[in-house]
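Structural features, examined
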Amino acid sequence: MSHRMTLVLAAAAMLAVVAGSATAQSYEGRKKCSSCHKSQAESWGDTAHAKAMDSLKPNTKAEAKKKAKLDPAKDYTKDKDCVGCHVDGWGKEGGYTVEDPNKFTTGVGCESCHGPGSKYRGTHRKAGAAYEKSKKTAPRQTLADAGQDFSFEESCNACHLNYEGSPWKGAKKPYTPFTPAVDKKYTFDFDKYVKDTKAMHEHYKLDGTFTGEPKFKYHDDFQSKAKVGVKGSED
Ligand code: HEC
Ligand code: HEC
Ligand code: HEC
Ligand code: HEC
């Protein structure tokens, strides 16, 4: 390879790094996800995750709050020690803020589990159209490269296992008040909970537009029992 060629390649690689960081994935809110994935969105709407902000309002979940030494009469909806785990993308690009609350990032929504969607959702649209036209599939890896999460566990842990003395190494303040020491029912069991369709959403059959690794470890299991759902489009 010529010296000149090496330089050109090095410059291109540097540009790619700069461009990559300039267009880092950001949170956009669930509006677009929901208009394409109508069935999942409807099912998710019935979950505790969807209603997580309500629990921060005064005079809700009074017994649970008392047990965790919180004040049931207090409004915690703007409290920075609470809000972060009851919304999408707290402290991250495009995520929920107390100063400018967005109803599409209120509650624990799609992007809290699937990852910030600004980059991968466009690939869903394009790949979906190509599949519809000619049954052409696309690699799941391109979605992972654009920030879609296919393992989930770390994101769950950041909310569910974030307390002092937690088995999760990433724990840091503000901690969740609802720990196994308060009540054993708050013990987080990923493999059990991630299968709970009343807490995630019901699963609906995919056409198989995306193929290959990284595939979630229970993907085939979920798909084998999935229901037939309703799809939509961005508009
Ligand atoms: C952004 C923080 C956050 C993330 C990420 C998150 N959760 Fe949650 N989860 C919550 C909150 C907050 C609640 C309680 C909502 C309420 O009742 O107000 C909850 C409730 C639940 C419940 C219901 C518990 C019950 O008492 O019925 C289950 C099960 C659960 N989560 C599992 C998971 C799993 C599995 C993941 C990852 C795939 C996950 N969660 C990701 C914050 C989060
Ligand atoms: C580190 C993340 C985190 C923080 C910070 C956090 N929560 Fe939560 N909260 C959770 C999770 C996770 C759950 C679900 C626990 C479960 O059911 O296993 C939850 C559940 C709840 C519940 C429902 C409990 C029940 O038994 O139904 C209430 C009420 C609540 N949180 C209020 C608060 C308040 C008030 C604060 C601030 C003082 C707060 N949370 C701070 C993560 C957090
Ligand atoms: C608490 C975590 C959680 C939340 C919140 C969540 N999902 Fe999921 N979702 C999952 C898990 C786990 C799977 C299973 C992944 C797999 O099988 O590959 C999944 C699968 C899916 C699938 C694949 C097909 C299916 O039904 O299994 C779609 C599409 C989807 N979710 C869309 C959404 C949308 C849209 C939202 C918001 C309205 C959302 N999800 C919110 C955890 C979540
Ligand atoms: C323009 C429509 C559109 C939008 C917007 C969109 N998706 Fe998708 N999504 C698709 C299509 C099409 C597929 C492929 C479905 C199939 O194979 O049946 C897909 C596949 C998925 C899958 C399954 C991936 C796998 O492992 O095979 C998940 C999970 C998912 N979408 C979540 C989301 C989330 C979360 C958002 C919002 C950030 C979102 N989608 C936005 C159309 C969309």
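Residues numbered from 1 in each chain as written. Chains lettered and ligands numbered in written order. Predicted model: local features only at pLDDT ≥ 70, side-chain atom pairs only at ≥ 80, totals over all residues.

All right, on to the overall build of the protein then. Of regular secondary structure, the protein possesses 10 helices and two strands. The 235 residues of the protein split such that 19% are buried. Partitioning the intrachain contacts of the protein with sequence separation of at least 6 by distance along the chain shows that 61% fall at a separation of at least 24. (Helix = DSSP H or I, 4+ residues; strand = E, 2+ residues; numbered from the N terminus. Buried ≥ 20, exposed ≤ 12 C-beta atoms within 10 Å, placed from the backbone. Contact = placed C-beta atoms within 7 Å.)

The next point concerns the site of ligand 4. Around ligand 4 sit 20 residues, and of these C33, C36, G117, G128 and T209 come closest. Every element with two or more residues in the shell around ligand 4 is listed here: helix 2 (31-36), helix 5 (110-114) and helix 6 (120-134). With four residues, the single largest contributor to the shell around ligand 4 is helix 6. Broken down by class, the residue content of the shell around ligand 4 amounts to five nonpolar, eight polar and seven charged. (Near = placed C-beta within 6 Å. Nonpolar A, V, L, I, M, F, W, Y, C, P; charged D, E, K, R; others polar.)

The next point concerns unusual backbone geometry. Residue P174 is reached from K173 by a cis peptide bond, and omega for that bond is -5°. In this structure, P174 sits in the loop between helix 8 (153-160) and helix 9 (190-193). Following E213, the chain continues into P214 via a peptide bond in cis, with omega recorded as -5°. Locating P214 in the fold gives a position in the loop between strand 2 (210-211) and helix 10 (219-224). Positioned with a positive phi, N59 is a non-glycine residue whose angle comes to about 60°.

The next subject is the nonpolar core. Counting five residues, the largest nonpolar core is built from L56, Y76, V83, V87 and Y96. Sequence-distant contacts of V83, that is, excluding residues within four places in its chain, are made with L56, K78, W90 and V98. (Core = buried A, V, L, I, M, F, W, Y, C linked by C-beta atoms within 7 Å.)

In the vicinity of ligand 2 there are 21 residues, among which A64, C82, C85, N162 and T176 approach most closely. Listed by contribution, the elements that provide at least two residues to the shell around ligand 2 are helix 4 (62-67) and helix 8. Residues of the shell around ligand 2, tallied by class, amount to 12 nonpolar, five polar and four charged.

Once that is clear, we can look at helix 6. Because each turn of an α-helix spans 3.6 residues, side chains separated by three or four positions in sequence point in the same direction. Here helix 6 is 15 residues long and its end C-alpha atoms lie 21 Å apart, about the 21 Å a rise of 1.5 Å per residue gives. A positive phi of about 60° marks K135, the residue just after helix 6. (Expected span 1.5 Å × (residues − 1).)

The residue P101 is located in the loop between helix 4 and helix 5 in this model. When the C-alpha atoms of P101 and V87 are compared, they prove to be 9.9 Å apart, with 14 residues separating the residues in sequence. With residues up to four places along the chain from it excluded, the contact list for P101 reads Y96 and T106.

Once that is clear, we can look at the environment of K172. Inspection of the secondary structure assignment puts K172 in the loop between helix 8 and helix 9. Residues K172 and N162 lie 10 residues apart in sequence; the distance between their C-alpha atoms is 6.5 Å.

Across the protein, pLDDT averages 93, with 90% of residues at or above 70. Scored below 50 in pLDDT, residues 15-22 shows zero contacts in the model against residues more than four places distant or in partner chains. (pLDDT = per-residue confidence, 0-100.)

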